Amino acid sequence: MMQTKRNPEMAHATGAESEMLAGFASNLDIADMPAGVLDRLNDLFVDWIGSALSGRGQRAVEAIERFAVQMGPASGRAEVLTSQATTSPLFAAMVNAAASHVSEQDDVHNASVFHPAAVVFPAALAAAQATKASGRDFLAGCVAGYEVGIRIGEFLGRSHYKIFHTTGTAGTIAAAVAAGRVVGLEKDRMLNAIGSAGTQAAGLWEFLRDAADSKQLHTAKASADGVTAAYLAAEGFTGAKRILEGAQGMAAGMSLDADPGKLTDRLGTRWALAETSFKWHSSCRHTHPAADALLEVMQKYDLSHDEIDRITAHVHQGALDVLGPVTNPRTVHQAKFSMPATLGLIATHRRAGLAEFDGFLDDSRARTFLDRVEMQLDREVDDAYPRRWIGKVTVHTTDGRNLSARVDEPKGDPGNPLSSTEVDEKARKLARYSGAATPEEMERVIETARGISGCTVVPYLLTVSS
């Protein structure tokens, strides 16, 4: 068990960090936020909708949805996007969160190594639809979830991420804060929600070795458990007041390098939401920097896959920790956590999208790269991580050349973002991929999402009210 006594930084905790986060979240008003941050939030919302819709038909998501049907009500006040059915906010959050994390197209915040959208939007949307909240309160909940969740991910640090899936752990509190702000929890009850969420926080990386479905369970449970914590807090249920920084709290049990100063870093002036990256390739974000660098080499030298002898990806330790266990992908989803699989698709197709991954197991050309790609720890890349995710590759060609490239900001990063037009088109493609929405439906969804701040009541996005 990890203990804070091994981490001298925790001696600097004031004991009031959790309370400060609760006060910030409960009082957050989007009127106090810069317009550019709200514009980015609209992009992130549309991006999440596309990711959630792309999960329709995925086996793991369907299993969770069948579970929700068995355990939940036949209908309810919150919407399940993939089926256009309704259920309780608990099970709507659960299914939507699972669906939005399976295609590996959801957003990521670099410094916290946290995927906010997959847990925040499902909880906030379910709570907003169930309580008939306004669009402004829905957006305030989403911002609160992003800001608190990102800071908790940064606080827990690299040692946490080595073992724990931060989106499952920090994500549970992010979801609780999002739902709590939507239902109007005042500071003391928000603090209780944070405590109840933190004591449920879980998610371990071991599933990667077995190609197990646990990653979808991580987001499903994080979002649903966050909704549970928020609704219980509304009923007066109490939670630990120092679940993050306390002597037997999350840092004590889950981190060796927790930094309490990061919990409240410029709270209310630094909008971490705007630092969030969009995903371009349909794979684990740790593969993206190298994939972009390889694509640069392929295009610059007009290489074909059969001119490549081998590829060296120069990576940070986090990439080795997460991607290293996957040596011979047995499922499409596991292939998305394989550097050789991802770079093999870039080398053979110059794309690593959903269709390319769907065909990977039978793609003999791309699969040859499973034995031709090596990851090497690079000191420069590792020192910059997680604040910056640098991509560096060396391509060794069959005629003896060594061709190198580096990418300092992968496509989708804040310094190299997707435009709103690109976000909308990405969402359309994801919906088209799964068949979860017709083109006409998707245009209405995007219009609704981009105008959500003006909605007196948050509507269903796809489901027709009965």
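Shown above is the structure to which this text applies.
Procedures and definitions
Along each chain, residues carry numbers from 1 onward, in the same order as the chain's sequence is written. Since the coordinates come from a predicted model, pLDDT governs what is reported: local features require at least 70, and pairs of side-chain atoms require 80 or more to be given and counted, while whole-chain, interface and lining totals use all residues. Side-chain numbers here rest on the full set of heavy atoms in the structure, without hydrogens or water. Starting at the N terminus, helices and strands are each numbered in turn, a helix being any DSSP run of H or I of at least four residues and a strand any DSSP run of E of at least two. Throughout, the radius of gyration refers to the C-alpha atoms, and the reference size of a globule is 2.2 Å times the residue count to the power 0.38. Any two residues having at least one pair of non-hydrogen atoms within 4.5 Å are treated as being in contact. Methods summary: accessible areas were calculated by the Shrake-Rupley approach with a probe of 1.4 Å, and residue burial reflects only the protein chains presented. Positive: Lys, Arg. Negative: Asp, Glu. His and the chain ends are not part of the count. Working definition for charges: the position is that of NZ of Lys, CZ of Arg, CG of Asp or CD of Glu. By definition here, a salt bridge exists when the distance from a side-chain nitrogen of Lys or Arg to a carboxyl oxygen of Asp or Glu is within 4 Å. Only protein chains enter the accessibility calculation, which uses a 1.4 Å probe; a residue is then buried when its area is under 20% of its type maximum, exposed when over 50%, and partly exposed in between. Paired strands, in this sense, are two strands between which DSSP finds at least two bridges. Inter-axis angles, ranging from 0 to 180 degrees, are taken between N-to-C directions of lines fitted to C-alpha atoms, where helices are fitted over the stretch in contact. What makes a nonpolar core is a set of buried Ala, Val, Leu, Ile, Met, Phe, Trp, Tyr and Cys residues whose side-chain atoms join them at distances within 4.5 Å. Under the rule applied, a polar contact is a pair of N or O atoms within 3.5 Å (in protein, one hydrogen donor and one hydrogen acceptor; residues adjacent in sequence only if both atoms are side-chain atoms). The way it works is a 1 Å grid over only the protein atoms, where trapped points that fit a 1.4 Å probe form a cavity and open points with protein on both sides within 12 Å along at least five of seven lines form a pocket, and then any residue with an atom within 4 Å of a point lines it. Grid points are joined across faces, edges and corners, and a volume is the space filled by probe spheres set on the points. Gly is put with the polar residues, along with every residue not named as nonpolar or charged; the nonpolar set is Ala, Val, Leu, Ile, Met, Phe, Trp, Tyr, Cys and Pro, and the charged set is Asp, Glu, Lys and Arg.

## Structural notes on the overall build of the protein chain
Looking only at helices and strands, the protein chain has 19 helices and 8 strands in total. Its C-alpha atoms give the protein chain a radius of gyration of 21 Å, within 12% of the compact-globule value 23 Å for 466 residues. Along the first, second and third principal axes, the C-alpha atoms of the protein chain reach 70 × 55 × 40 Å. When contacts within the protein chain are restricted to residue pairs at least 6 apart in sequence, those whose partners lie at least 24 apart make up 78%. If you sum the accessible surface of the protein chain, you get close to 17,100 Å²; carbon and sulfur atoms cover 49% of it. Positive and negative side-chain charges of the protein chain, numbering 47 and 57 respectively, have mean locations separated by a distance of 2 Å.

## Details of the pattern of salt bridges
Where charged atoms from two side chains of opposite charge come close, those side chains can pair. Under the criterion given, the structure shown has 35 salt bridges. Taking the shortest distance from any N to any O, the salt bridge between Lys162 and Asp321 comes out at 3.0 Å. Of the two residues, Lys162 sits in helix α6 (residues 135-163) while Asp321 sits in helix α12 (residues 317-323), which places them 159 residues apart along the sequence. Residue Asp321 is classed as partly exposed on the basis of its relative accessible area, which comes to 23%.

## Quick look at the sheet that holds strand β5 (residues 308-315)
Spatial ordering of the open sheet is given by β6-β5-β7-β8, a layout of 4 strands whose pairing is mixed. Every other strand in the sheet has two partners, leaving β6 (373-377) and β8 (402-407) as the edge strands with one partner each. On average, adjacent strands in this sheet sit at an angle of 20° to one another, irrespective of strand direction. Pairing analysis gives 6 bridges linking β5 to strand β7 (residues 391-397), with the strands arranged antiparallel. Note on β7: the bridge partner recorded for Thr312 is Thr394. Sitting on the sheet, helix α11 (residues 288-300) is in contact with β5, β7 and β8, with an inclination near 130° to β8. Here helix α14 (residues 339-349) sits on the sheet in contact with β5 and β6, set at roughly 125° to β5.

## Quick notes on the nonpolar core
If you look at the biggest cluster of nonpolar residues, it comprises 102 residues, and the most contacted ones within it are Phe121 and Phe138. Looking at which element gives the most residues to this core, the answer is α6, with 12 residues. Not counting residues up to four positions away in its chain, the partners in contact with Phe138 are Phe45, Phe121, Ala124, Leu125, Ala128, Val182, Ile452 and Val458.

## Side note on the side chain of Ser223
With respect to the helices and strands, the residue Ser223 is situated in helix α9 (residues 214-234). A polar contact of 2.9 Å, which involves the side chain of Ser223, links it to the backbone oxygen of Val119. In this view, Ser223 contacts Ala93, Ala97, Val119, Pro122, Ala123 and Ala175; residues no more than four positions away in its chain are not counted.

## Regarding empty space enclosed by the protein
Tallied over the full model, the rule gives 2 cavities of 30 Å³ or more. Around the largest cavity, the lining is made up of 14 residues, and of these His115, Tyr161, Cys284, Arg285 and His286 lie nearest the centre. Partitioning the lining of the largest cavity into residue classes produces 7 nonpolar, 3 polar and 4 charged. Taken as a whole, the second largest cavity holds about 50 Å³ of empty space. As for the second largest cavity, its lining consists of His286, Pro289, Ala290, His314, Val315, His316, Met339, Val381, Ile390, Gly391 and Lys392. Of all the elements in the fold, those that place two or more residues in the lining of the second largest cavity are α11, β5 and β7.

Interpretation in functional terms is not warranted from these geometric data alone.
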